[in-house]
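Here are the chains, one letter per residue:
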Amino acid sequence: MSLYRRHNHAIPALNTASLPDLIFTILFFFMLVTHMRKASIKVKYQVPVGTELTNLTKKSTVSYIYIGKPLGETGQVVSSETKIQLNDKLVSLNDIKQSLVRERNSMSPEERKAMLVSIRADQNTNMGLIIDLKQILREANVLNVNYAAVTKPKR
Amino acid sequence: MLFRKHNRKTVPGLNTSSTADISFMLLILFLVTTSMDVDKGLSHQLPPIDKTKKEQQMVDSRHIMIFRITENNKFVLDEKPIPLSQIKPRVKEFVQRNEKKHIIQLEANRKSAYNSYFQLQNEIISAYNILRNQRAARTFGKTYELCSPEQQAQINNEIPIRISEVYEPSTNETSKGGNPKQ
């Protein structure tokens, strides 16, 4: 060993061997917490807060009704008129009944009994619209209704 | 140079430097195609439309509680204004007093906000749930959620949720009497 060793003073680079593990952790989190969106949401809504909530079971027979102000392409609120969206398209009150009846007929009898409609309406919607919507649901014989909400801690 | 080590026998390991890229792609895929939707809500059964008979039984005023939501999102019970926090104890005491012969009637003004209707339903259902939990603890020794479906059905029979909603469409007034059973 000669006394004149070459001293290599380069700082060692970051060890990124564990980076994939971190990314997999985040990926698993997202896989467990989210679910595939069936349709893009065209209205802006914020559901009310409640305490007595039940979980939605049987996702296959659930139809979604979104009520809120419509969004334009960039995600901004286009007009101040409240619109209704059934599953993936904006409908007016008269069309809802036909679309619901059509969907009902495409299901088997067991599914028809378990058919559920999840109403995700904005907090400030006028009750008049909700009342008309419920009347139409009754006429279409869709009686299982679930008002979507987020939980708030029980006082 | 005579005693050179032969390194030909060791197989090189797998190059894993691209696993990070693969996982990034999967992560971006999931971020873009999924959403953290709300999955919970207040369950409700709408009564079917019965065009033949209208349920206009005259009920004794002691057995009926009439709630109204005014245009300014204030709650009115039996013609007297009432704050939201007092609704739960009143409903609880009312249902306990008349075991099965009670009716709660809701009427919401068309211009009131959906949120106030939801809060009202929330308080009423919460009062029912408290009563059902108490009854379940007394009869079966466990809370309502832990009971089997037959036990739950039995408690549902003893404490039925009888909410009737009255509303006015644009032209005339009709009432939908309903016994939503949960």
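Residues numbered from 1 in each chain as written. Chains lettered and ligands numbered in written order. Predicted model: local features only at pLDDT ≥ 70, side-chain atom pairs only at ≥ 80, totals over all residues. Heavy atoms only, no water.

## Looking at the overall build of chain A
Working step 1: Each helix and strand in chain A was counted, giving 4 helices and 9 strands.
Working step 2: Written out in order from the N terminus, the α and β elements of chain A read α-β-β-β-β-β-β-β-α-α-β-α-β.
Working step 3: Expressed as a percentage of the 155 residues in chain A, the buried residues total 38%.
Working step 4: For chain A, the computed accessible surface area is about 9900 Å², with 54% contributed by carbon and sulfur atoms. (Helix = DSSP H or I, 4+ residues; strand = E, 2+ residues; numbered from the N terminus. Buried < 20%, exposed > 50% of the residue type's maximum accessible area, 1.4 Å probe, protein only. Areas by Shrake-Rupley, 256 points an atom, 1.4 Å probe, with all protein chains shown as cover.)

## Things to note about the pattern of salt bridges
Working step 1: Taken as a whole and assessed by the stated rule, the structure comprises 4 salt bridges over all chains.
Working step 2: For aspartate 132 of chain A, the salt bridge goes to arginine 110 of chain B, with nearest N and O atoms at 2.9 Å. Within this pair, whereas aspartate 132 of chain A is found in helix H4 (residues 127–139), its partner arginine 110 of chain B is found in the loop between strand S6 (103–108) and helix H3 (114–139), the two belonging to separate chains.
Working step 3: Among the ionic pairs, arginine 135 of chain B bridges to glutamate 158 of chain B, the shortest N-O distance being 2.3 Å. One end of the pair, arginine 135 of chain B, is in helix H3; the other, glutamate 158 of chain B, is in helix H4 (residues 149–158), and 23 residues separate them in sequence. (Salt bridge = Lys/Arg side-chain N within 4 Å of Asp/Glu carboxyl O.)

## What to know about a nonpolar patch on the surface
Working step 1: Together, Phe29, Leu32 and Val33 of chain A together with Met36 of chain B make up a nonpolar patch on the protein surface, roughly 440 Å² of accessible area in all.
Working step 2: Secondary-structure assignment places phenylalanine 29 of chain A in helix H1 (residues 19–33).
Working step 3: A relative accessible area of 43% places phenylalanine 29 of chain A in the partly exposed class. (Patch = residues over 30% accessible without salt bridge, like charges linked within 9 Å, V, L, I, M, F, W, Y side chains within 5 Å.)

## Some points on the packing of aromatic side chains
Working step 1: Per the counting criterion, the structure on display carries 7 aromatic pairs over all chains.
Working step 2: Judged by centre distance (6.0 Å) and plane angle (85 degrees), the rings of tyrosine 147 of chain A and tyrosine 117 of chain B are edge-to-face. Of this pair, tyrosine 147 of chain A sits in strand S9 (residues 144–151) while tyrosine 117 of chain B is found in helix H3, placing the two residues in two different chains.
Working step 3: Judged by relative accessible area, which is 3%, tyrosine 117 of chain B ranks as buried.
Working step 4: Taken together, the ring pairs in this structure connect Tyr147 of chain A together with Tyr114, Tyr117 and Phe118 of chain B into an aromatic cluster. (Phe/Tyr/Trp six-rings, centres within 6.5 Å; stacked < 30°, edge-to-face > 60°.)

## Details of the pairing of S6 of chain B
All names here are of chain B.
Working step 1: Most of S6 is tucked away: 5 of the 6 residues are buried.
Working step 2: Summarising the sheet, strand S3 (residues 64–69) and S6 pair through 6 bridges and their orientation is parallel. Bridge pairing links isoleucine 64 to isoleucine 103 in S6. (Pairing = 2+ DSSP bridges.)

## Quick word on the nonpolar core
Working step 1: Within the largest apolar cluster, 52 residues are counted, with the highest numbers of intra-cluster contacts made by Ile119 of chain A together with Phe67, Val91 and Ile124 of chain B.
Working step 2: Per-element accounting of this core gives the leading share, 9 residues, to H3 of chain B.
Working step 3: With sequence-adjacent residues up to four places away left out, phenylalanine 67 of chain B is seen in contact with Val76, Leu77, Ile87, Val91, Ile104, Gln105, Leu106, Glu107, Leu120 and Ile124 of chain B.
Working step 4: Counting residues in hydrophobic clusters, the runner-up holds 6 residues, among them Val43, Leu56, Tyr66 and Leu116 of chain A. (Core = buried A, V, L, I, M, F, W, Y, C linked by side-chain atoms within 4.5 Å. Contact = heavy atoms within 4.5 Å.)

## Some remarks on the UniProt feature "transmembrane region" (unreviewed entry) in chain A
Working step 1: Under the UniProt annotation, "transmembrane region" (unreviewed entry) lies at residues 12–34 of chain A.
Working step 2: Taken end to end, residues 12–34 of chain A is 65% helix and 0% strand, and its two terminal C-alpha atoms sit 39 Å from one another. (UniProt positions renumbered as here; feature names shortened; annotations may be inferred.)

## A few points about the confidence of the model for chain B
Residues and elements named next belong to chain B.
Working step 1: Mean pLDDT over chain B works out to 77, with 81% of the residues at or above the 70 mark.
Working step 2: Between the elements of chain B, mean pLDDT differs from a low of 41, seen in strand S8 (residues 174–176), to a high of 86, seen in H3.
Working step 3: Contacts for the low-pLDDT stretch residues 171–182, under 50 throughout, to residues beyond four places or in other chains number 35 contacts.
Working step 4: Among the scores for the predicted complex, ipTM is 0.71 and pTM is 0.72. (pLDDT = per-residue confidence, 0-100.)

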